Amino acid sequence: MAFKTSTGKLGHGKLDPYGFERSEDFDEKTYEEFMSRYFLVLARRAARWRPLVVGKDTVIKSLKLKRFCRKGIPSEHRPLVWMEVSGAAERMRDEPGLYKQLRSQYLDSSITESIMLDINRTFPENIYFANERDPAGLQRPLKHVLMAFALNNPHVGYCQGLNFVAGLILLILRNEEKAFWLLDTLARHILPDYYTTDMIAIKAEQELCGELIKWKLPDLYEHFNKAGVSWALIAMKWFICLYADVLPVETVLRIWDCLFYEGWKILLRVALVLFVKNKAKLMAASDFSSIIDVVKGMVNDPVVVNCHTFMQSIFKDTGSMPRAKLHKLREECIRHVLAS
């Protein structure tokens, strides 16, 4: 199912290219300065991508494609590339009738109720999610995708954060069935155990974030400890929503370009670089409340608006992060969460 342009109405603010209404305190000058430079980057990237995707219905994973994904997928090619590199397209080809079958099944009313409650909270500042009666809007497709996901994953059903992830996927793919398959692949294969009712993996990821800081920024880690700042208070929404509804949408999409190819380690790189970029401010914060205030403000710092340099930073400024070491740290964090 593809979608038309929404006729939903919001306030009188300007809309970004994805239908999000800009807030009254939106820094138009900083954004315009960034975009004037970024348009040149986008034009160069589009030219590089053209031979790989134009006239093709699939892409083959390679070191070159991985490098290209890190530098950003042109918006017109994201649906194809996300579906292919994640493995969602192959799964969809293998089970072509599954989504239609799931759509015809009954879902427990309590799960449906939870989904409907969150749909009304999903991107209310976006024109495509602003009006449930808008036939071209995305509230109804979002409901369909989340209900199908719940039916296909009865051990999960529905849990917090899935609405924002599925909503942004729908905004980009504009196809209900493909959105279901990408969400299902993300939860089953790319981030297994992330979305569960006990949220063990998310809690462990928060602790793992702390272990990363201890490893890479030991003086900052000690500063947090002295102030009594628990990692359980930090970054939960970052990981639950995969930075959607947290960072600027263009930056989130660049993160997801890497996530669908490389997997969960990208999320940790993003978290780490936020602390790297804000280390001086955090070290200058003298107590618990001031540290938390700085952490909350990190996702609104101008550095995250320039998605191109920010994405370069997540690889350059974080250094080597061997997957084997991260796996070992994660297992220790999971054991600690289960024991607490």
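The structure under discussion appears in the preceding block.
Throughout what follows, the structure given in this document is the object of discussion. (Residues numbered from 1 in each chain as written. Predicted model: local features only at pLDDT ≥ 70, side-chain atom pairs only at ≥ 80, totals over all residues. Heavy atoms only, no water.)

### Focus on helix H9 (residues 176–190)
An α-helical turn contains 3.6 residues, so a residue and the one three or four places further along point in the same direction. Under the 1.5 Å per step criterion, the end-to-end length of H9 is 20 Å for 15 residues, consistent within 8% with the ideal 21 Å. Buried residues dominate H9, accounting for 11 of its 15 residues. The set of residues buried in H9 consists of Glu176, Ala179, Phe180, Trp181, Leu182, Leu183, Asp184, Thr185, Leu186, Ala187 and Ile190. Against helix H3 (78–86), helix H4 (88–94), helix H5 (98–103), helix H7 (139–152), helix H8 (162–173) and helix H13 (249–262) lie the buried residues of H9. Of the residues flanking the start of H9, the one acting as N-cap is asparagine 175, its side-chain oxygen 3.2 Å from the backbone nitrogen of glutamate 177. (Helix = DSSP H or I, 4+ residues; strand = E, 2+ residues; numbered from the N terminus. Expected span 1.5 Å × (residues − 1). Buried < 20%, exposed > 50% of the residue type's maximum accessible area, 1.4 Å probe, protein only. Contact = heavy atoms within 4.5 Å. Polar contact = N/O pair within 3.5 Å; in protein donor to acceptor, adjacent residues only side chain to side chain.)

### As for the pattern of salt bridges
Taken as a whole and judged by the stated rule, the model has 14 salt bridges. One salt bridge connects arginine 78 with aspartate 257, and the closest N-O pair in it is separated by 2.8 Å. Here arginine 78 is found in helix H3, whereas its partner aspartate 257 is found in helix H13, with 179 residues between them in sequence. Like aspartate 257, arginine 78 is buried. Residue glutamate 84 is joined to arginine 93 by a salt bridge in which the shortest nitrogen-to-oxygen separation is 3.2 Å. Its relative accessible area of 12% is what places glutamate 84 among the buried residues. (Salt bridge = Lys/Arg side-chain N within 4 Å of Asp/Glu carboxyl O.)

### Structural notes on unusual backbone geometry
A positive phi angle, close to 75°, is found at alanine 235, a residue other than glycine. Phi angles above zero are rare outside glycine, and tyrosine 243 is one such case at about 75°. With respect to the helices, strands and loops of the structure, tyrosine 243 is situated in the loop between helix H12 (236–240) and H13. Assessed through its relative accessible area of 0%, tyrosine 243 is described here as buried.

Note that all results are geometric; they support no functional claim without further evidence.
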